[in-house]
Amino acid sequence: MVFFSAQPYDKTYFTQWNNQGLDLVFFEPALTEQTVELAQGAAAVCVFVNDIVNQAVLARLAALGVKVVALRCAGFNHVDLEAARALGLRVCRVPAYSPEAVAEHSLALLLTLNRKTHKAYNRVREQNFSLHGLMGQNLYGKTIGVIGTGKIGQAFCRIMLGMGCRVMAFDLVANTAMQAMGVDYQPLLEVLKADVVSLHCPLNEQTRHLINDQTLLGMKDGAVLLNTSRGGLIDTPAVIRALKKGKLGALGIDVYEQEEKLFFRDLSTDIIQDDVLQRLSGFPNVLITAHQAFFTHEALTEIAQTTLESVGALLKGQKIRTEAALLV
Ligand code: NAI
């Protein structure tokens, strides 16, 4: 089983939970049309969110004799599932490794932006005990708009209800358990009027650039926008325009549309060529984390266990519940 985009923690967790007797080989480069040859001799490849899994790459994997493509993530928007099916490749993913990990990270972004603890931390270390510029707002009683109430959106709704917020949500299907807890399902444009809007829907043709110049206009002045889902949900230049005008009060993102060129790498001595990200980083009311919402001990354990179990079963020709191709 050959891993692409492998990080030291992948090696640690997958090696620890490898009770399928698989021979694990870890490669740091991402899967691309240039690196696909590294899969030579593998029965399965394991990829992450920014690997290229298009028709050309899948065709080469199949030609190399690969049988299984295992996504060690939940989102599968980057995989050409139709092509995989046509090539006879089995694709699995980890549908719910820890919804709470991602939901709690959304809360971390919100609390940091609101109470400016990132600034307070630096200030106090420099013996600057002034409170100037650190004022926040109570979240208690505020309205939170949640777009997408799947596993992560539901976990986020529960957290915000627990904090005494009013929670509005938009999804293609209202969840009755959430409604029973007090979540108020409303049309998208209503939900966008909340004090805080948090995105938890998948990236697809309907949701790409869901946040754009027009939808931003309909948002409340000074609202906080959170995105721990996928970068493509947001038209970033439009968000920059809204931040410059003061229309958007704050932005917390764990994902970025062009992240595959940047995230999961130490580029601290490089000259970053992405002017959009650099502009975003310059705002005092923007907090960017580099796709770390999933990054907890519990989530990594579940990712390793589920992926290894799925690959073991698929290589034996068994049917499994985490097979992404079933979703086509
Ligand atoms: P899920 O499949 O359980 O839920 C997605 C929800 O979005 C479903 O209820 C679905 O009906 C809804 N939805 C679909 N199209 C929609 C639309 N047009 N408008 C509104 N709602 C729509 O997925 P889950 O596990 O909650 O994950 C959500 C997303 O979070 C994933 O697609 C993935 O991209 C992202 N994610 C990010 C991570 C990170 O580390 N930052 C880690 C894990 C997932």
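Rules used throughout
- Residues numbered from 1 in each chain as written.
- Predicted model: local features only at pLDDT ≥ 70, side-chain atom pairs only at ≥ 80, totals over all residues.
- Heavy atoms only, no water.
- Helix = DSSP H or I, 4+ residues; strand = E, 2+ residues; numbered from the N terminus.
- Rg over C-alpha atoms; globule rule 2.2 N^0.38 Å.
- Buried < 20%, exposed > 50% of the residue type's maximum accessible area, 1.4 Å probe, protein only.
- Near = heavy atom within 4 Å.
- Polar contact = N/O pair within 3.5 Å; in protein donor to acceptor, adjacent residues only side chain to side chain.
- Areas by Shrake-Rupley, 256 points an atom, 1.4 Å probe, with all protein chains shown as cover.
- Nonpolar A, V, L, I, M, F, W, Y, C, P; charged D, E, K, R; others polar.
- Axes fitted to C-alpha atoms, helices over the stretch in contact; angles between N-to-C directions.
- Parallel < 35°, antiparallel > 145°, perpendicular 65-115°, else oblique.
- Left-handed = near helix turned anticlockwise from the far one by under 90°.
- Contact = heavy atoms within 4.5 Å.
- 1 Å grid on protein atoms, 1.4 Å probe; cavity = no way out; pocket = protein on both sides within 12 Å on 5 of 7 lines; lining within 4 Å.
- Points joined across faces, edges and corners; volume = space filled by probe spheres on them.
- Core = buried A, V, L, I, M, F, W, Y, C linked by side-chain atoms within 4.5 Å.
- Pairing = 2+ DSSP bridges.
- Right-handed = clockwise from strand over helix to strand, strands pointing away.
- Domains from an automatic or database assignment.
- Buried area = accessible area lost by both parts, 1.4 Å probe.
- Salt bridge = Lys/Arg side-chain N within 4 Å of Asp/Glu carboxyl O.

1. Let's talk about the overall build of the protein chain
Tallying secondary structure elements over the protein chain gives twelve helices and twelve strands in all. For 328 residues, the compact-globule estimate of 2.2 N^0.38 gives 20 Å, and the protein chain sits close to it at 21 Å. Seen along its three principal axes, the alpha-carbon backbone of the protein chain occupies a region of about 60 × 50 × 35 Å. Taking all 328 residues of the protein chain together, the buried fraction comes to 51%.

2. Some remarks on the site of the ligand
Looking at the ligand, there are 22 residues lining it, with Tyr97, Lys151, Ile152, Asp171 and Thr228 nearest. Lysine 151 has a polar side-chain atom sitting 2.7 Å from an oxygen atom of the ligand. The contact in question runs from an oxygen atom of the ligand to an N or O atom on the side chain of arginine 230, over 3.3 Å. For the ligand, whose free accessible area comes to 870 Å², the fraction covered by protein is 85%. Looking at side-chain class alone, the shell around the ligand contains ten nonpolar, eight polar and four charged residues.

3. Quick notes on the packing of helix α4 (residues 99–115) against helix α6 (residues 151–162)
The packing of two helices is summarised by the inter-axis angle and the distance between the axes. Where α4 meets α6, the axes come as close as 8 Å, and the angle between the chain directions of the two elements is 50°. Looking at the two axes, α4 sits oblique to α6. The chirality of how α4 crosses α6 is right-handed. Of the residues in α6, those in contact with Pro99, Glu100, Val102, Ala103, Glu104, Ser106, Leu107 and Leu110 of α4 are Lys151, Ile152, Ala155, Phe156, Arg158, Ile159 and Met160. By residue class, the composition of the contact of α4 with α6 is ten nonpolar, one polar and four charged.

4. Some thoughts on empty space enclosed by the protein
By the definition in use, this model includes one cavity of 30 Å³ or more. What the largest cavity holds in volume is close to 50 Å³. Looking at the largest cavity, the residues that line it are Asn227, Gly231, Ile234, Thr236, Val239, Leu251, Ile253, Val255, Tyr256, Glu257 and Leu280. For the lining of the largest cavity, the secondary-structure elements that each account for two or more residues are α10 (236–244) and β11 (248–253). A per-class count over the lining of the largest cavity returns seven nonpolar, three polar and one charged.

5. Digging into the environment of glutamate 190
Note on placement: glutamate 190 falls in helix α8 (residues 188–191). Of the residues examined, glutamate 190 reaches a relative accessible area of 32% and is grouped as partly exposed.

6. Here's the deal with the nonpolar core
Ranked by size, the top nonpolar core spans 52 residues in total, and within it Met1, Phe14, Val45, Leu58, Leu61, Val69 and Val311 carry the most contacts. Those elements giving two or more residues to this core turn out to be β1 (2–3), α1 (8–16), β3 (44–47), α2 (55–63), β4 (68–71), α3 (81–87), β5 (90–92) and α12 (297–315). Per element, the largest residue contribution to this core is eight residues, and it comes from α12. Look past the residues within four positions of valine 311 in its chain and what remains in contact with it is Met1, Leu22, Ala44, Val68, Ala70 and Cys92. Judged by nonpolar contacts, the second largest core, of 29 residues, contains Met219, Ala238, Leu280 and Phe283.

7. Details of the pairing of β3
Here β3 shows two buried faces, one formed by Ala44 and Cys46 and the other by Val45 and Val47. Where β1 lies against β3, two bridges are found, and the strand directions are parallel. Each residue of the ladder has a partner; that of valine 2, found in β3, is valine 45. When β3 meets β4, the two strands line up parallel, connected through four bridges. Residue cysteine 46 lies in a different strand from β4, and its bridge partner there is alanine 70. One crossover worth recording links β3 to the parallel β4 by way of α2, and it is right-handed.

8. Some thoughts on the domain arrangement of the protein chain
Splitting the protein chain by domain gives domain 1 (2–97 + 296–325) and domain 2 (99–288). Just the C-alpha atoms count here: the centres of domain 1 and domain 2 sit 30 Å apart. Facing the twelve residues of domain 1 at the interface are eight residues of domain 2. Carbon and sulfur atoms supply 58% of the area buried between domain 1 and domain 2, which totals about 880 Å² over both sides. Connecting domain 1 to domain 2 are zero salt bridges. At the surface where domain 1 touches domain 2, the tally comes to three residue pairs in polar contact (both at pLDDT 80 or more). Residues that form the side of domain 1 that touches domain 2 fall into these classes: seven nonpolar, five polar and no charged.

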